[in-house]
Amino acid sequence: IRQKAMTLAWPIAPQELTRVGDQVTDKRPKTGRPHKGVDLFAASGTPIRAARSGRVKRVVDGRKSDRAAARLAGLWVDVAAGDQIDRYLHLGEAKVVPGQRIKRGDLIGIVAEADTSGTGEAPHLHFEVRAADYSSERKDYGEPINPKFEVV
């Protein structure tokens, strides 16, 4: 049971994935910037489910924000799982609200269409696990953690 709690459910069902893209890295090949999550590519409209149980911390729609970083994130959901934060970015729709308790496998939202919600040319979910919540002092979340998904 303890081992299962340390692994995450796939936020997108493995049979729905078209590919798995960049993972957590200090430098992305094309940009040289860090990548703080894993990109899970799937058709727009694909359901996104909770990787583990927690409480919805925030639902933010940055698609029309003045801030470039918020526009790049698009519509996103942060879920507190203990001290860690699971982040679901590039949603087409969110199906949860702040304060809501969720269980592993509950519907979080759906994958956005390409070129909307910060997704670029191909629809995908950018999923992050962070060691801590956003800090206004640090102006960032805690360190990124490379997620370990269940073997299917």
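This section reports on the structure supplied with the text. As the structure is a computational prediction, the values presented were derived from the model and not from experiment.

Description of the nonpolar core
Soluble globular proteins tend to bury their nonpolar side chains together.
Right, on to step 1. The biggest cluster of nonpolar side chains holds 23 residues, and the ones touching the most others in it are Tyr88, Ile108 and Phe127.
Right, on to step 2. Secondary-structure elements contributing two or more residues to this core are β2 (38-42), β5 (75-81), β6 (84-94), β8 (107-111) and β9 (124-130).
Right, on to step 3. Excluding residues that lie within four positions of it along the chain, Phe127 makes contacts with Leu8, Pro11, Gly37, Val38, Ala51, Asp86, Arg87, Tyr88, Pro147 and Phe149.
Right, on to step 4. Core analysis: the next-biggest nonpolar cluster, separate from the first, contains 6 residues, Ala70, Ala73, Ile85 and Tyr141 among them.

Description of the pattern of salt bridges
Right, on to step 1. The full count for this structure, using the stated rule, is 12 salt bridges.
Right, on to step 2. Two residues, Arg63 and Asp61, come together in a salt bridge whose shortest N-O distance is 2.8 Å.
Right, on to step 3. On the accessibility criterion, Arg63 (35% relative accessible area) is partly exposed.
Right, on to step 4. Two residues, Glu93 and Lys95, come together in a salt bridge whose shortest N-O distance is 2.8 Å.
Right, on to step 5. Within the structure, one salt-bridge network assembled from shared partners comprises Lys36, Lys57, Arg58, Asp78, Arg87, Glu128, Arg130, Asp133 and Asp140.

Describing the environment of His126
Right, on to step 1. With respect to the helices and strands, the residue His126 is situated in strand β9.
Right, on to step 2. For the pair His126 and Gly37, spaced 89 residues apart in sequence, the C-alpha to C-alpha distance is 6.3 Å.
Right, on to step 3. The contacts of His126, once residues within four sequence positions are left out, are His35, Lys36, Gly37, Val38, Asp39, Arg87, Tyr88, Leu89 and His90.

Some words on the side chain of Thr46
Right, on to step 1. Among the secondary structure elements, Thr46 is positioned in the loop between β2 and β3 (47-49).
Right, on to step 2. Judged by relative accessible area, Thr46 falls into the buried class, the value being 4%.
Right, on to step 3. Sequence-distant contacts of Thr46, that is, excluding residues within four places in its chain, are made with Ile12, Glu16, Gly109, Ile110 and Val111.

Regarding the pairing of β5
Right, on to step 1. Most of β5 sits out of view: 6 of its 7 residues are buried.
Right, on to step 2. Sheet analysis places strand β4 (residues 54-61) next to β5, joined by 6 bridges and oriented antiparallel. Opposite Arg55, over in β5, you have Ala80 as the bridge partner.
Right, on to step 3. Taken together, the 6 bridges between β5 and β6 define a ladder with antiparallel strand orientation. Paired with Val77 across the strands is Tyr88, a residue of β6.
Right, on to step 4. Remark: 2 residues form the turn of the hairpin made by β5 and β6, two consecutive strands paired antiparallel; Gly82 in that turn has positive phi of roughly 70 degrees.

Quick notes on unusual backbone geometry
Among all residues save glycine, negative phi is the norm, and among peptide bonds the norm is trans.
Right, on to step 1. One non-glycine residue, His90, lies in positive phi territory at about 75 degrees.
Right, on to step 2. With respect to the helices and strands, the residue His90 is situated in strand β6.
Right, on to step 3. Positive phi values are uncommon outside glycine, yet Ser117 reaches one of about 55 degrees.
Right, on to step 4. Among the residues examined, Ser117 registers a relative accessible area of 5% and is labelled buried.

Reading the values: rules and limits
Residues numbered from 1 in each chain as written. Predicted model: local features only at pLDDT ≥ 70, side-chain atom pairs only at ≥ 80, totals over all residues. Heavy atoms only, no water. Core = buried A, V, L, I, M, F, W, Y, C linked by side-chain atoms within 4.5 Å. Buried < 20%, exposed > 50% of the residue type's maximum accessible area, 1.4 Å probe, protein only. Helix = DSSP H or I, 4+ residues; strand = E, 2+ residues; numbered from the N terminus. Contact = heavy atoms within 4.5 Å. Salt bridge = Lys/Arg side-chain N within 4 Å of Asp/Glu carboxyl O. Pairing = 2+ DSSP bridges.

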